[in-house]
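# Examination of the molecular architecture
Each chain, letter by letter, is given below.
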Amino acid sequence: EFFMYRTKIGKRIWLLNTEAGKIIECGEDMCKLLNDYFLSVFTRENQDTIPVEEVFQGEDNEKLRDVIITRQVVQKEIEKLKKNKSPGPDKVYPRILKECKEILSGPLTSVFRKSVDTSVVPSLWKEANVTPIFKKGDKSSTANYRPISLTSVVGKMLESIIARSIRDHLERHSLINDSQHGFTTGRSCLTN
């Protein structure tokens, strides 16, 4: 017999069993049970066993001095958004950003610039709404779910702008080691 819990938006969440075999019906208790399971399987890497890599020391004029954040850069980032994606804890929907990009790109540019200049990230950008996604097997077992973290769309936009700036700088100054295949243009695990 299958048990399920229907959310407001109509998605089915199957009722869960504890290790003792007790059926959990309360949504809040189900969240706690899933959270406890996700925490139990989380691994912390031992920082002492990370190998030391040779650090390339480029010329002083090769240092990345600033991340360029203009209204046009922000608008391009907004254009890349998929409008039907879910928002994070800040409840900023990509669809709103896309439909109001002309108006919102100015304030977002200011917020992004301030964040980079002060090295401060708004606290909501550090939070996530964790959604359990069923993998396979028994739907009442927490072990058959994986967590998906929905973070701030706006925060991810700034991350993307910074990452692109860093990649462009590294490629422009040939600062990427030739053995690097992941996350580089034209390379992959196949070229490795």
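Scroll up to find the structure this text is about.
Read on for an overview of the structure. Bear in mind the structure is a predicted one, so any value in this text is a computation, not a measurement. (Residues numbered from 1 in each chain as written. Predicted model: local features only at pLDDT ≥ 70, side-chain atom pairs only at ≥ 80, totals over all residues. Heavy atoms only, no water.)

The next thing to look at is the overall build of the protein chain. Scanning the protein chain from N- to C-terminus turns up 5 helices and 6 strands. Along the protein chain, helices and strands appear, N-terminal first, in the series β-β-β-β-α-α-α-α-β-β-α. Counting across all 192 residues of the protein chain, residues that qualify as buried make up 25%. Within the protein chain, residue pairs in contact and separated by at least 24 positions form 52% of the contacts whose partners lie at least 6 positions apart. Here the protein chain displays about 14,400 Å² of accessible surface, and carbon together with sulfur accounts for 53% of that area. (Helix = DSSP H or I, 4+ residues; strand = E, 2+ residues; numbered from the N terminus. Buried < 20%, exposed > 50% of the residue type's maximum accessible area, 1.4 Å probe, protein only. Contact = heavy atoms within 4.5 Å. Areas by Shrake-Rupley, 256 points an atom, 1.4 Å probe, with all protein chains shown as cover.)

Next up on the list: the pattern of salt bridges. Scanning the entire structure with this criterion turns up 8 salt bridges. Linking arginine 164 and glutamate 77 is a salt bridge whose minimum nitrogen-to-oxygen distance equals 2.4 Å. With arginine 164 in helix α5 (residues 153–172) and glutamate 77 in helix α2 (residues 71–80), the pair connects residues that are 87 residues apart, well separated along the chain. The class of arginine 164 is partly exposed, set by a relative accessible area of 24%. On the basis of relative accessibility, which here comes to 6%, the residue glutamate 77 falls in the buried class. Shared partners join several salt bridges into a network, and the residues in it are Asp66, Arg113 and Asp117. (Salt bridge = Lys/Arg side-chain N within 4 Å of Asp/Glu carboxyl O.)

So, about α2. For α2, the complete set of buried residues consists of Val74, Gln75, Glu77 and Ile78. The arc that holds every buried residue of α2, seen down its axis, measures 160 degrees, which confines them to one face. Of the exposed residues in α2, the ones pointing more than 90 degrees away from its buried face are Gln72 and Lys76. At its buried positions, α2 is contacted by α3 (94–99), α4 (101–118) and α5. (Arc of directions from axis to C-beta.)

Empty space left among the atoms is revealed by rolling a probe the size of a water molecule over them. Quantified by volume, the second largest pocket comes out at close to 280 Å³. Along its surface, the second largest pocket is lined by 14 residues, and Leu81, Lys82, Lys85, Val153 and Lys156 are the ones closest to its centre. In terms of residue count, α5 provides more of the lining of the second largest pocket than any other element does, 4 residues in total. Among the residues forming the lining of the second largest pocket, the class breakdown is 5 nonpolar, 4 polar and 5 charged. (1 Å grid on protein atoms, 1.4 Å probe; cavity = no way out; pocket = protein on both sides within 12 Å on 5 of 7 lines; lining within 4 Å. Points joined across faces, edges and corners; volume = space filled by probe spheres on them. Nonpolar A, V, L, I, M, F, W, Y, C, P; charged D, E, K, R; others polar.)

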